[in-house]
Protein chains: 2
Amino acid sequence: MRRFRSGDHRIKAGQDIFSPGARCEAIYSLTGGWAFRYALLEDGRRQILDFVLPGAVLGFHPTDGARATYGVQALTDASVCVIRRSDLVALSRELPEIGFRLAWLVSRDRSLAFDHLASLGRQSAHQRVAHLILELFIRYRAQWPGQRFEEMHLPLTQEHIGDALGLTSVHVNRVLRDLRKKGVLEFHYKRLCIHDPDKLIGIAEIDQNLLQSWMGQPALNGDVGFDLTGQKTSGETATSSKRRTSRTETRNAL
Amino acid sequence: MRRFRSGDHRIKAGQDIFSPGARCEAIYSLTGGWAFRYALLEDGRRQILDFVLPGAVLGFHPTDGARATYGVQALTDASVCVIRRSDLVALSRELPEIGFRLAWLVSRDRSLAFDHLASLGRQSAHQRVAHLILELFIRYRAQWPGQRFEEMHLPLTQEHIGDALGLTSVHVNRVLRDLRKKGVLEFHYKRLCIHDPDKLIGIAEIDQNLLQSWMGQPALNGDVGFDLTGQKTSGETATSSKRRTSRTETRNAL
DNA sequence: GCATGACGTTGATTTAGGTCAAACTACCCG
DNA sequence: CGGGTAGTTTGACCTAAATCAACGTCATGC
């Protein structure tokens, strides 16, 4: 299986893993670090489509050989494992369940995109910000359980948040100020601290159902990992302090 | 293969194929008619996530046995073919490529969701309306080639458009009026007529790349159909007048 | 032929969020 | 240590789209 892995690539924070318009001849499995998918509009503005955590597959596109309509950029230093498309097909002949795993992974992305869509289309700026922060916090904890309760390193600028939510960074700043004043959370220079998770959930107006769906992600230190490459993924590569891997119950978190 | 098909179901326009919060124990393949996926917010507002044409798979969710976070509603009278999840797994053991086909289908949805997301987040009302109409027009023509050039039956109300684009139906109405006044298109009681496709593309600010990605859909009367169920899908079931099936080159359409 | 209901159209007014511009603060690096 | 740059914060003002509300129009059934 691992004979197909043409080695890991390391990507510096801020660099593209692939850029919009690139021909897609390989797929990538993110093995460490944070990244985001983004689209560029004609006028140069950017829309962040989603944030990507280790274990995700990047660059699997509907039409083979077509040009990517979006790009992926690393938020932290990151590493990816590259698999050529042709190898993937060959690989799947030996391991038929790979197709299903792929479908499962892509389907998770789709669900997140749908949630994001509903938030963008119908929620206020406050709701959107609360929604996004909750989503990232929960997904993060599902991957790396056992963190200190309400605190995390969130490698985003306010501009990233704005670009994800269809807001200006100026407005994101004002929303964050309000949330801070209300004692809900603090987000300062990539350090997120959630003081009142319940209030945050209240503001985001998220139902239990959705919350649940974000948590249902296989933990990386467990044995459920849908890892296309057959290697266990590690945490962030850089910017990362050492972390405990003690298993905690994440289901009823918050 | 077809022994797994537990028969076609017929759905009346306006009915749900499945509703938000439903347990997902089966998946559906839309075999005829139009539908849309939608999410409901706590306050009852609706966000339409995407529009679904025959050939699509509905109800494939990341977490087995979880509750759906969105619903699917028929826009026209429609028909679906139901496949139990357990049967799908069994089926895929015999036909390994099914996993891949599934991944491919879901990946298409994801791409459309991403396009939609970028439009919602960063484009003006005019651009969004132009974008959506173009997308639907192109996808429609890719499925049923040989239609009269600029005209189609689009089974949407202005409220549907608003719910898809995060706008009020009032505002959609004003945008459509402007587009009509500018001689770009007319949309009246589900009859869409595009008078100036180039101007429409200009307003939507869509790049060639994206346009191309919408067209790269297998035509239903061809032999490329990624049909999970093994049966050829037909056109709409109801509301449909007879249509020619003559093959035309859709690649350079518009 | 008229009642009913869903859908579309238009105007007056309000508001959430954008834009522009000027500090301010943390952090990096020589 | 000091200067540069990327990120954050705040204020004054503006605009796109929402809201509210009335009216028009098409399609159906009795």
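Structure: above.
The rules behind these values
- Residues numbered from 1 in each chain as written.
- Chains lettered and ligands numbered in written order.
- Predicted model: local features only at pLDDT ≥ 70, side-chain atom pairs only at ≥ 80, totals over all residues.
- Heavy atoms only, no water.
- Helix = DSSP H or I, 4+ residues; strand = E, 2+ residues; numbered from the N terminus.
- Buried < 20%, exposed > 50% of the residue type's maximum accessible area, 1.4 Å probe, protein only.
- Polar contact = N/O pair within 3.5 Å; in protein donor to acceptor, adjacent residues only side chain to side chain.
- Near = heavy atom within 4 Å.
- Nonpolar A, V, L, I, M, F, W, Y, C, P; charged D, E, K, R; others polar.
- Pairing = 2+ DSSP bridges.
- Axes fitted to C-alpha atoms, helices over the stretch in contact; angles between N-to-C directions.
- Contact = heavy atoms within 4.5 Å.
- Salt bridge = Lys/Arg side-chain N within 4 Å of Asp/Glu carboxyl O.
- Parallel < 35°, antiparallel > 145°, perpendicular 65-115°, else oblique.
- Left-handed = near helix turned anticlockwise from the far one by under 90°.
- Core = buried A, V, L, I, M, F, W, Y, C linked by side-chain atoms within 4.5 Å.

Novice: Which residues make up the side chain of Gln 73 of chain B, and what values do they have?
Specialist: All names here are of chain B. Mapped onto the elements, Gln 73 comes out in strand S7 (residues 71-74). Using a relative accessible area of 16% as the deciding quantity, one classes Gln 73 as buried. A distance of 3.1 Å separates polar atoms of two side chains, one belonging to Gln 73 and the other to Asp 16.

Novice: Could you give an account of the protein's contact with DNA strand D, with specific residues and numbers?
Specialist: The immediate surroundings of DNA strand D are formed by 18 residues, with Gln 158, Asn 173, Arg 177 and His 188 of chain A together with Ala 125 of chain B found nearest. In the interface set of DNA strand D, defined as its atoms within 4 Å of the protein, sugar plus phosphate atoms amount to 76%. Contact distances for DNA strand D include 2.7 Å between a phosphate oxygen and a side-chain N or O atom of Asn 173 of chain A. Ala 125 of chain B is positioned with one of its backbone polar atoms (N or O) 2.7 Å from a phosphate oxygen of DNA strand D. The dominant element in the surface near DNA strand D, judged by the number of residues it contributes, is helix H5 (residues 169-181) of chain A, at five residues. Looking at side-chain class alone, the surface near DNA strand D contains six nonpolar, eight polar and four charged residues.

Novice: So what's going on with the sheet that holds S7 of chain B? Which residues, and what values?
Specialist: Residues and elements named next belong to chain B. Read across the sheet, four strands follow the order S2-S7-S4-S5 without closing on themselves; strand pairing throughout is antiparallel. A single partner strand is all that each edge strand has here, and the edge strands are strand S2 (16-18) and strand S5 (46-52). When strand polarity is set aside, the average angle formed by the axes of neighbouring strands in this sheet is 30°. Bridge count for strand S4 (residues 35-40) against S5 is six bridges, and the pairing is antiparallel. Bridge pairing in S5 links Phe 36 to Phe 51. Strand contacts of helix H2 (residues 97-122): S4 and S5, with the helix running at about 135° to S5, the strand carrying the most contacts.

Novice: Any chance you could break down the environment of Thr 31 of chain A for me, citing the residues and the numbers?
Specialist: As for its placement among the helices and strands, Thr 31 of chain A is situated in strand S3 (residues 26-32). Taking the C-alpha atoms as reference points, Thr 31 of chain A and Leu 53 of chain A, separated by 22 residues in sequence, lie 8.4 Å from one another.

Novice: Summarise the sheet that holds strand S3 (residues 26-32) of chain B; cite the residues concerned and give the values.
Specialist: Residues and elements named next belong to chain B. On the basis of which strands lie adjacent, the open sheet formed by four strands has the order S1-S8-S3-S6 and antiparallel pairing. The sheet is open, and its two edges are formed by strand S1 (8-11) and strand S6 (57-58), each paired on a single side. In the sheet, S3 pairs with S6 via two bridges, with the strands oriented antiparallel. Looking at S6, one finds that Ser 29 is bridged to Val 57. Lying over the sheet, helix H1 (residues 85-94) contacts S3 and strand S8 (78-84), oriented at roughly 70° with respect to S8.

Novice: Tell me about the pattern of salt bridges, residues and numbers included.
Specialist: Applying the stated criterion across every chain, the model contains 22 salt bridges over all chains. The partner of Arg 177 of chain B in a salt bridge is Asp 178 of chain B, with the nearest N and O atoms 3.4 Å apart. Counted as one network, the salt bridges with shared partners bring together Arg 37, Asp 50 and Asp 109 of chain A together with Arg 110 of chain B.

Novice: Can you break down the packing of helix H2 (residues 97-122) of chain A against H2 of chain B residue by residue, with the values?
Specialist: Contact geometry of H2 of chain A with H2 of chain B gives a least axis separation of 8 Å together with a crossing angle of 20°. By the angle class used here, H2 of chain A and H2 of chain B are roughly parallel. For the pair H2 of chain A and H2 of chain B, the sense of crossing is left-handed. Classifying every residue of the contact of H2 of chain A with H2 of chain B by side-chain character gives 16 nonpolar, eight polar and four charged.

Novice: Describe the nonpolar core, listing the residues and the values that go with them.
Specialist: Core analysis: the largest hydrophobic core is formed by 138 residues, its most contacted members being Ile 17 of chain A together with Ile 17 of chain B. If we skip the residues at most four places from it in the chain, Ile 17 of chain B touches Ile 11, Tyr 28, Leu 30, Ala 35, Leu 58, Val 72, Gln 73 and Val 80 of chain B. Grouped together as the second largest cluster of nonpolar side chains are 28 residues, Val 57, Cys 81, Leu 88 and Val 106 of chain A included.

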